[in-house]
Amino acid sequence: MAKPLPLSGLEVIIIGAGFAGLTAAIECRKRGASVTLFDSAASRRQLGDIISFGSNSGRIFRSWPGVEEKLDPVCHHSDGLVFRTYDDEYLCTQTWDAEADWGKRFNGHRGEIHEVVWDHALSIGVDIRLGRKVTEYFEDEREAGVIIDGERLTADVVLAGDGVRSLARTIVLGFEDKPKSSGYAVYRSWMGTDKLKENPLTAWLADPNIDHHVGWLGPDVHFLVATLQNGTACSWVLTHKDDADVEESWSAPGYVEEAVKAVEGWAPVVHAIIRATPEEKLVDWKLVFRDPLPTWISPKRRIALIGDAAHPFLPTSIQGASQSMEDGVTAAICLELAGKANVPEAIRAYEKIRYERVHAVQQTGVTNRDNWHKADFDFVRKNPESVKLPRQDWVLNFDCAAHTYEVFDKTVAELRKESS
Ligand SMILES: Cc1cc2nc3c(=O)[nH]c(=O)nc-3n(C[C@H](O)[C@H](O)[C@H](O)COP(=O)(O)OP(=O)(O)OC[C@H]3O[C@@H](n4cnc5c(N)ncnc54)[C@H](O)[C@@H]3O)c2cc1C
């Protein structure tokens, strides 16, 4: 008879079918747990636009059979990121050769990548239930649970990946955590390239043979464009100063002329790309952040926050989704190693293993942004390489699964010492 998998008999409730929740679900399920995943969305819709996964999370996708093969055709494949000044002077090209050994990156449409991961979760037996909004979390020494439509549902553990506006945070923190404006907003679009083809200034972006990735940088504004899928798709993001009221939404409408105003005096090609954007494809996304949470786990250690619920990221870290996936893997391995009888210890170990790394990576969002936005452009023109993104080995060349297996025993020993 086959040996039971290490998490056989463990019941896990996961809230939120984003990349944190889906990763946790897949990783718990493949170790034998019974996993039920609830999401408030009524259906799986192709929402969002460009999202990036570094090689640290790329290795997680590649560990799931068949997923890499499905992601490759929809993802962006350029040799490098070309940097130009706001007035279109060429600065430098950042290539990825130096990090070839770290593994593969995946950048593409959030909805398309999400669909591949979702299908994989379903194929291995994750029970995904949509249209189920959690209104309350609870726990005692023996179990944890949620209330959905008045129904009380319990399990051994609840992993809450309910995103930036997490309700689960309230039970973990004991108070409601309010978002803050970051002082920036992002106009973002994902569009077809037909209109770009019509204009000689932008036709090169529709090249079916090459994916382009270009960043124009100016004082307190950056504009990044990526093309993919044989020159048929184009995504751009324009990050700019904005002190408007905080309203987090992936679908707030943006207006072309307002976006053009944010890059007044910039190169005509930038204006041409923005003006080629159908207004219904333009989103105005207010960038918020929250102070780092003092803890991600509930008082009885049966509920853990994962992903953005625990730690929202600035997009300039290019690591938000990757860190969410690392959380899911680490949480599942901690549960595996601790076992059903020791869920609270698993949850404490998960937090301890992840906390410092996540905060260090979060900081890179601020430093990367300021490196571009606060740059002295006379200096940049003389030192074009200064705009390159730092590509840290400790962030990207990291195997969170191997790391968790390596440090788990030591971490638990430290936690026991702290509590004795
Ligand atoms: C619709 C959408 C579009 C996005 N588009 C982009 C993008 O284009 N580019 C980008 O870089 N990032 C995007 N993101 C954010 C990005 O996916 C995350 O920052 C990152 O992947 C971390 O994911 P997460 O799983 O922690 O959170 P999220 O991806 O935000 O997932 C949280 C999930 O929790 C569910 N949820 C929330 N509250 C409840 C509740 N009370 N009960 C049940 N379910 C609940 C939500 O419906 C959502 O599916 C988007 C997120 C969403 C939800």
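Bear in mind the structure is a predicted one, so any value in this text is a computation, not a measurement.

**So, the sheet that holds strand β15 (residues 233-241)**
Thought 1: Taken in spatial order, the 7 strands make up an open sheet running β5-β4-β13-β14-β15-β12-β16, and their pairing is mixed. The open sheet has two free edges, formed respectively by β5 (90-95) and β16 (282-289), since each of these has just one partner strand. Taken pair by pair, the neighbouring strands of this sheet meet at an average axis angle of 20 degrees, ignoring direction.
Thought 2: Relative to β15, strand β12 (residues 180-192) is paired through 9 bridges, and the arrangement is antiparallel. By the bridge assignment, alanine 185 is partnered in β15 with histidine 240.

**Overview of the sheet that holds strand β11 (residues 157-160)**
Thought 1: Ordered in space as β7-β2-β1-β11-β17, the 5 strands form an open sheet in which the pairing is parallel. Taken across any chain shown, the strands that pair with only one partner, and hence form the sheet edges, are β7 (127-129) and β17 (303-305). Each adjacent strand pair in this sheet contributes to an overall mean axis angle of 20 degrees, direction not counted.
Thought 2: Here strand β1 (residues 11-15) pairs with strand β2 (residues 34-38) via 5 bridges, running parallel. What sits directly across from isoleucine 14, in β2, is leucine 37.

**Quick notes on the domain arrangement of the protein**
Thought 1: Domain annotation of the protein identifies domain 1 (11-77 + 104-178 + 291-375 + 390-419) and domain 2 (180-289).
Thought 2: With 22 residues of domain 1 in contact, the opposing surface of domain 2 contributes 28 residues.
Thought 3: Here domain 1 and domain 2 share an interface that buries about 2200 Å² over both sides, 55% of which is from carbon and sulfur atoms.
Thought 4: Together, His76, Trp372 and His373 form the three largest contributors to the area buried by domain 1 at its contact with domain 2, with a combined 28%.
Thought 5: The interface formed by domain 1 and domain 2 includes 1 salt bridge.
Thought 6: Between arginine 188 and aspartate 49 there is a salt bridge; the shortest N-O distance is 2.6 Å.
Thought 7: Across the contact surface, domain 1 and domain 2 share 6 residue pairs in polar contact (both at pLDDT 80 or more).
Thought 8: Counting residues per element, the ones that place at least two in the side of domain 1 that touches domain 2 are β6 (106-109) and α10 (343-373).
Thought 9: Of the residues belonging to the side of domain 1 that touches domain 2, the class tally is 8 nonpolar, 7 polar and 7 charged.

**A word on the pairing of strand β8 (residues 134-139)**
Thought 1: Pairing analysis gives 5 bridges linking β8 to strand β9 (residues 144-148), with the strands arranged antiparallel. Looking across to β9, one finds that tyrosine 137 is bridged to valine 146.

**Looking at the pattern of salt bridges**
Thought 1: Inspection of every chain in the model, using the stated rule, returns 33 salt bridges.
Thought 2: In this structure, glutamate 115 engages arginine 44 in a salt bridge whose closest nitrogen and oxygen atoms are separated by 3.7 Å. Of the two residues, glutamate 115 is situated in helix α4 (residues 110-123) and arginine 44 in the loop between β2 and β3 (50-53); the sequence distance between them amounts to 71 residues.
Thought 3: A relative accessible area of 34% places glutamate 115 in the partly exposed class.
Thought 4: Salt-bridge contacts for arginine 84 lead to aspartate 88; the nearest nitrogen and oxygen are separated by 2.7 Å.
Thought 5: What makes arginine 84 partly exposed here is its relative accessible area of 22%.

**A few points about the side chain of glutamine 94**
Thought 1: For glutamine 94, the position within the fold is in strand β5.
Thought 2: Within polar-contact distance, the side chain of glutamine 94 engages the backbone nitrogen of leucine 389 at 2.7 Å.
Thought 3: Every residue in contact with glutamine 94, bar those within four places of it in the chain, is listed here: Asp79, Gly80, Leu81, Phe83, Lys388, Leu389 and Arg391.

**A few points about helix α1 (residues 19-29)**
Thought 1: Counting buried positions along α1 yields 10 of 11 residues, so the element is predominantly enclosed.
Thought 2: Within α1 the residues assigned to the buried category are Phe19, Ala20, Gly21, Leu22, Thr23, Ala24, Ala25, Ile26, Glu27 and Cys28.

**A word on the packing of aromatic side chains**
Thought 1: The final tally for this structure, using the stated rule, is 11 aromatic pairs.
Thought 2: With a centroid separation of 4.9 Å and an interplanar angle of 70 degrees, the aromatic rings of phenylalanine 19 and phenylalanine 53 are classed as edge-to-face. Linking phenylalanine 19 in helix α1 with phenylalanine 53 in strand β3, this pair joins segments that are 34 residues apart in sequence.
Thought 3: Classification of phenylalanine 19 by relative accessible area gives buried; the value is 5%.
Thought 4: A residue is classified by how much of its surface remains accessible, and phenylalanine 53, at 1% relative accessible area, is buried.
Thought 5: Between the aromatic rings of tyrosine 86 and tryptophan 266, the centroid separation amounts to 6.0 Å while the plane-to-plane angle is 45 degrees, which identifies the pairing as tilted. Here tryptophan 266 lies in the loop between α7 (256-261) and α8 (268-275) and tyrosine 86 lies in the loop between β4 (80-85) and β5, a separation of 180 residues in the sequence.
Thought 6: For tryptophan 266, a relative accessible area of 10% puts it in the buried group.

Conventions and cut-offs
- Once a new chain begins, its residue numbering starts again from 1 and follows that chain's sequence as written.
- The predicted nature of this model means local features are confined to residues of pLDDT at least 70 and side-chain atom pairs, given and counted, to a pLDDT of 80 or more, with totals for whole chains, interfaces and linings taken over all residues.
- As a convention, hydrogens and water are excluded, and side-chain values are obtained from all of the structure's heavy atoms.
- By the convention used here, strands pair only if DSSP detects at least 2 bridges between them.
- Runs of H or I in DSSP of at least four residues are treated as helices and runs of E of at least two as strands, each being numbered from the N terminus.
- Lines fitted to the C-alpha atoms define the axes, with helices restricted to the stretch that makes contact. Angles between their N-to-C directions range from 0 to 180 degrees.
- Domain boundaries shown here were taken from an automatic or database domain assignment.
- Residues are treated as being in contact if the distance between any of their heavy atoms lies within 4.5 Å.
- Here the quantity called buried area is the accessible surface, traced with a 1.4 Å probe, that two parts lose on coming together, added over both.
- One side-chain nitrogen of Lys or Arg within 4 Å of one carboxyl oxygen of Asp or Glu is enough to make a salt bridge.
- Side-chain atoms alone can form a polar contact between residues adjacent in sequence; in general such a contact is a pair of N or O atoms within 3.5 Å, and within protein one must be able to donate a hydrogen while the other accepts it.
- Residues are grouped as follows: nonpolar covers Ala, Val, Leu, Ile, Met, Phe, Trp, Tyr, Cys and Pro; charged covers Asp, Glu, Lys and Arg; every other residue, Gly included, is treated as polar.
- Summary of the burial criterion: residues with accessible area below 20% of their type's maximum are buried, those above 50% are exposed, and those between are partly exposed, where the area comes from a 1.4 Å probe applied to protein chains only.
- Stacked, edge-to-face and tilted labels apply to pairs of Phe, Tyr and Trp rings (six-membered ring for Trp) whose centres lie within 6.5 Å, assigned for plane angles under 30 degrees, over 60, and everything in between, in that order.

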